[in-house]
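Each chain is listed here by its residues.
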Amino acid sequence: MDEQDITRTIQELERKLAEFERTLRTMATPSPAGASSAAGEEAAAPYAATPGSVAAPPEPATQPPPPPQPEDEPPPVRSGFGRIVDESVEPPALHDEAAAPSPRGDATPIPGAPTPPLAAGPAPDLAGPPLGAPEPPPPARTPPPVHEPAPRPRTLAAQRPSGPGPAELLHFRERLERAARDLTHDYDELLGRLSYAAMPTTTGPPISFARGAPSLDIVDVEGLKEAAARAFETDPAGTTAYGTSIGYPRLRSWIADRHGVEPARVLVTNGSMQADAFLFESLVSAGDEVVVERPSYDRTLLSLRGRGAQLHAVELQPDGIDTDALATLLHGGARPKLAHIIPNFQNPAGYTLSLPKRQRLLALAAEHGFVVFEDDPYVALRFSGESLPTMLSMDSERVVYASSFSKTVCPGIRVGYLVGPTELIARIAKLATNTYISPNMVAQSIVYEFCASGAIDRSIETVKQALAERAATLSRSLRSELPEAAFVEPQGGYFMWVTLPEGTEVHRLFDAAAERGVAFVKGTDFLLEGGENTLRLAYSGVTPEQIEEGVARLADAYRSL
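Reference entry: report on the structure contained in this document. Since the structure is predicted, the reported quantities are computational estimates derived from the model, not experimental observations.

Description of the overall build of the chain
Moving on, step 1. Each helix and strand in the chain was counted, giving 17 helices and 13 strands.
Moving on, step 2. Counting across all 561 residues of the chain, residues that qualify as buried make up 43%.
Moving on, step 3. Surface exposure of the chain reaches about 28,300 Å², of which carbon and sulfur atoms provide 55%.

What follows is the structure in C-alpha cells.
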C-alpha cells in the first residue's frame, strides 16, 4: 500500500460522491420534457429489435402512399402492427432492456402485445388494412408473417424502468463518505503498524505501541483449549445451534449475576463495538446531541459522526471528564440525549473517573434527562489503586453499561455485552435479530466455560501483573529518554497519553518513528480538533525489553525533527 494508491482511491470516492450529488439534483428537479421522454420510450418499446429480427422505428402520423409494386415482386412485408418493414435498411440500435432475451420462458406478456406462435399454420393475409384505417385487433393465436420472426413479448417488469431511488442513493452516499473517513484513518494506522516493517532499518525489528491488545505470552491459550473442549462436551446442542439474538443463555446469566441484575437486562454481542453500535442505532438519530470525552476512542467518534450526531467534546482531566465544564455546557442550553464515558483507564488517555465525578455526572444526567453510556472494557485490569463502583451499580435506570471479554480472555474471542433497562434491551434484541439472527454461539459458549471454571480470574491476574510491569517500564523509559514528554502514569488498562511541547508536529514524528521501526497512534485521531502535539502509546502488546528499545528509538525520532 502506498500513498499514491490511497490518494487515487479517495479521489475516486470523491468523484463518485459528486456524481451522486448531480444525480440527486436532477431527480429533485422534474421537467415536462422528462415526462414526454419517458412516454416516448414507452411508445417506442414495441418496435425494439430482438435478436434475429428486424424492426422499424415509429412512423409519422401521416405519410405518402407507397409506390405501386411490380407484379413480379413479392408484396411488402408488414409487421404485426400493420407497418411495412424494409429489410434492406439496417435499423438503428435501440438500447432497451426489454429487447434483451428474457431468462425465463414464462414471463407475463403485456396486454395488447403480439402473441408468439404456438404452432405452424397457413400464411396470413399480407395485404394489410388501408393506410390511415384503424387496425383491427390481431386474431388469436395468429402466427407472424413468414418473412419476420415473431416479436418477443415484453414482461410487465420491463415496462417500468428500474433503478435506485433517492433514498437508496442517499444511503449509498453516506456509506461512501464513511468509507472515505475510515480509509484515511485506517491508512494512518496501517502505516504505523505495517509499512515500517517493509522499510530497511538498522535499529532492529519493528516495535508497535499502536494496538491495544495483549501479547500472546499473557493469553491463557491452554485454558481456552480446555474451555472449548468442555463447551462441546457439556452442551454440544447449544454451542453449535443458531441460538437467539440475546446470546448464549448460560453466559448471559453469568454476566447478570456478576452485575447483580436480571438476565432480561443483558444482551451478549459480537464484541463491545457491536454493542456500542446497537445502542447508538437505538438512541441516536441525525442531529441529536451527544457528549463525548476529549480525547475519546476514535471508533466511537467515527460511529457517532456517521450517524449525524452533534458532538459536544468535554475536556478530559486526569480524574475523568470535567464535570464543571459539562454543567456549564448543559446550563448554557445543550440538550444531549447521551453521554459516552469510558470511566476506567480510558482509551486513549488511560485516566480513571473519580468517585465524586461519577456521582456528579449521574446527578447531571438525572437533572437534564440524558442517558449515561458507561463503556467499560478495562474495568477488571486495575493493577494499582482502589477499585471504584460502576455507575451502573449506582443508577441502574439512568445508565447503560457495556464491556468486553476481548481484554480479559483474548481479542480474537469477539464477545461483548450490554446491560441496561429491560425495555431498551428488548428493543436492541429485535435490532440484533434483524442484523444477524444470532451472535457467535461457539465463542460465547467457550467464554462461559472459561468464566464458570474460574480460569478468567487466573487470566486476569496474569494480565494485570504483566501490564503493571510494562506500564512502569514505559513511565521510567520516558522520564529517562524523553523528559520533554508529559504523562500520567496509569493504574490499569492498556494505554498512556503523552503530550509533547507545543509546536511539536506529531505527523512528522509519526513518519520519523516509522523510519526507525516504531509505531504509535497520533493524538489527532482521538480528537475532533487539535492535539497536534499528542500521541497514544499502548504498552499491552510489548515486552519490557521492547518498551525500552522502542522509547529510545522514539526519542531519537523526536530529536531528529
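Overview of the sheet that holds strand S7 (residues 371–375)
Sheet strands line up and pair through hydrogen bonds in the backbone, either parallel or antiparallel.
Moving on, step 1. The mixed open sheet is built from 8 strands, whose spatial order is S2-S9-S8-S7-S6-S3-S4-S5. Edge positions in the open sheet fall to strand S2 (266–269) and strand S5 (320–321), since each of these has one partner strand only.
Moving on, step 2. Both strand S8 (residues 399–404) and strand S9 (residues 416–419) contribute to a ladder of 4 bridges, which runs antiparallel. Bridge pairing in S9 places Ser 404 opposite Gly 416.
Moving on, step 3. Strands S2, S8 and S9 of the sheet are contacted by helix H7 (residues 249–259), whose axis makes an angle of about 125° with S2.
Moving on, step 4. Across the sheet, helix H13 (residues 422–436) lies against S2, S8 and S9, angled at about 25° from S2, the strand it touches most.

Some thoughts on H13
For an α-helix the count is 3.6 residues per turn, leaving residues at separations of three or four pointing the same way.
Moving on, step 1. Taking 1.5 Å of rise per residue, 15 residues should cover 21 Å, and H13 covers 21 Å from first to last C-alpha, within 8% of that figure.
Moving on, step 2. Among the residues of H13, Leu 424, Ile 425, Ile 428, Ala 429, Ala 432 and Tyr 436 are the ones counted as buried. Seen from one end, H13 has its buried residues packed into an arc of 140°, which puts them on one side. Opposite the packed face of H13, turned more than 90 degrees from it, sit the exposed residues Glu 423, Lys 430 and Asn 434.
Moving on, step 3. The inward-facing, buried residues of H13 abut S2, helix H8 (272–283), S8 and S9.
Moving on, step 4. The positive-phi residue at the C-terminal boundary of H13 is Ile 437, with phi of around 65°.

Overview of the packing of aromatic side chains
Moving on, step 1. A full pass over the atoms with the stated rule returns 10 aromatic pairs.
Moving on, step 2. Arranged with centres 5.9 Å apart and planes meeting at 45°, the rings of Phe 405 and Tyr 417 form a pair that is tilted. Taken together, the positions of Phe 405 in the loop between S8 and S9 and Tyr 417 in strand S9 put the pair 12 residues apart, joining distant regions of the chain. The pair formed by Phe 405 and Tyr 417 is uniform in burial state, with each residue classed as buried.
Moving on, step 3. Summarising the aromatic geometry, the rings of Tyr 494 and Phe 495 are spaced 6.0 Å apart at their centres and angled 65° between planes, so their arrangement reads as edge-to-face. Side by side, Tyr 494 and Phe 495 carry an identical accessibility label, which is buried.
Moving on, step 4. Of note, Lys 522 hangs over the ring of Phe 510, and the distance from its end group to the ring centre comes to 5.0 Å.

Structural notes on the pairing of strand S10 (residues 495–499)
Each regular strand shows side chains that alternate between the opposite faces of the sheet.
Moving on, step 1. Most of S10 is tucked away, with 4 of its 5 residues classed as buried.
Moving on, step 2. Here S10 pairs with strand S13 (residues 534–538) via 5 bridges, running antiparallel. For Phe 495, the partnering residue across the bridge sits in S13 and is Ala 538.

Observations concerning the nonpolar core
Moving on, step 1. Counting 57 residues, the largest nonpolar core has Leu 251, Ile 255, Val 372 and Phe 405 as the members making the most contacts within it.
Moving on, step 2. Element by element, the count of residues in this core is highest for helix H14 (residues 441–452), at 7 residues.
Moving on, step 3. Grouped together as the second largest cluster of nonpolar side chains are 38 residues, Leu 467, Ala 471, Leu 509 and Val 551 included.

Describing the pairing of S7
Moving on, step 1. In terms of residue burial, S7 counts as a mostly covered element, since 4 of its 5 residues are buried.
Moving on, step 2. As paired strands, strand S6 (residues 336–341) and S7 are joined by 4 bridges and run parallel to one another. Within S7, the residue paired with Ile 341 across the bridge is Glu 374.
Moving on, step 3. Here 4 bridges tie S7 to S8, and the two strands are oriented parallel to one another. Along S8, the bridge assignment pairs Phe 373 with Val 400.

Remarks on the sheet that holds S10
Moving on, step 1. Strands sit in the order S10-S13-S12 across an open sheet of 3 strands; the sheet is antiparallel. On the outer flanks of this sheet lie S10 and strand S12 (521–522), each paired with one strand and no other.
Moving on, step 2. For S12 and S13, the ladder comprises 2 bridges, and the chain directions are antiparallel. Within S13, the position partnered with Lys 522 by the bridge is Leu 535.

Brief notes about the pattern of salt bridges
Moving on, step 1. Going through the model one piece at a time under the given rule, you end up with 17 salt bridges.
Moving on, step 2. The partner of Glu 222 in a salt bridge is Lys 225, with the nearest N and O atoms 3.4 Å apart. Remark: Lys 225 and Glu 222 occur in helix H5 (residues 221–234); sequence separation between them is 3 residues, near one turn of the helix.
Moving on, step 3. Among the residues examined, Glu 222 registers a relative accessible area of 47% and is labelled partly exposed.
Moving on, step 4. Taking the shortest distance from any N to any O, the salt bridge between Glu 505 and Arg 508 comes out at 3.2 Å.
Moving on, step 5. The class for Arg 508 is partly exposed, based on a relative accessible area of 39%.

Observations regarding helix H9 (residues 298–306)
Moving on, step 1. Taken across its 9 residues, H9 has 7 buried, putting it largely inside the fold.
Moving on, step 2. Of all the positions in H9, only Asp 298, Thr 300, Leu 301, Leu 302, Ser 303, Leu 304 and Gly 306 are classed as buried.
Moving on, step 3. A positive backbone phi angle near 80° is found at Gly 308, which sits one or two residues after H9.

As for the environment of Leu 330
Moving on, step 1. Summarising the element assignment, Leu 330 is placed in helix H10 (residues 323–331).
Moving on, step 2. By relative accessible area, Leu 330 is classed as buried at 1%.
Moving on, step 3. Residues Leu 330 and Ala 365 lie 35 residues apart in sequence; the distance between their C-alpha atoms is 9.9 Å.
Moving on, step 4. When near neighbours in sequence (up to four residues on either side) are disregarded, Leu 330 contacts Arg 335, Pro 336, Leu 364, His 368 and Phe 370.

Reading guide: rules and limits
- For every chain, the first residue of the written sequence is number 1, and numbering continues from 1 along that sequence.
- Thresholds applied to this predicted model are a pLDDT of at least 70 for local features of residues and 80 or more for the giving and counting of side-chain atom pairs; totals over whole chains, interfaces and linings are not thresholded and use all residues.
- Where side-chain values are given, they derive from all heavy atoms of the structure, hydrogens and water being excluded.
- Each helix corresponds to a stretch of at least 4 residues labelled H or I by DSSP, and each strand to a stretch of at least 2 residues labelled E; elements are numbered beginning at the N terminus.
- Each residue is placed in one exposure class: buried if its accessible area under a 1.4 Å probe, protein chains only, is under 20% of its type's maximum, exposed if it is over 50%, and partly exposed if it falls in between.
- Only the protein chains shown count as cover for residues, and all accessible areas are computed by the Shrake-Rupley method using a 1.4 Å probe.
- Two strands pair under a simple rule: DSSP has to find at least two bridges between them.
- We call two residues in contact when some of their heavy atoms are within 4.5 Å.
- Angles here are taken between N-to-C directions and fall from 0 to 180 degrees, while the axes themselves are lines fitted to C-alpha atoms, restricted in helices to the stretch in contact.
- By this rule, a helix spans an expected 1.5 Å times one less than how many residues it contains.
- The arc under discussion is defined with respect to the helix axis, by the directions toward the C-beta atoms.
- Centres within 6.5 Å make a pair out of two Phe, Tyr or Trp rings, where for Trp the six-membered ring is used; the pair is then stacked when the planes are under 30 degrees apart, edge-to-face when over 60, and tilted otherwise.
- Look at NZ for Lys and CZ for Arg. If either is within 6 Å of the ring centre and within 35 degrees of the ring normal, a charge sits over the ring.
- Residues enter a nonpolar core if they are buried and are Ala, Val, Leu, Ile, Met, Phe, Trp, Tyr or Cys, with the set joined through side-chain atoms within 4.5 Å.
- Counted as salt bridges are all cases of a side-chain nitrogen of Lys or Arg within 4 Å of a carboxyl oxygen of Asp or Glu.

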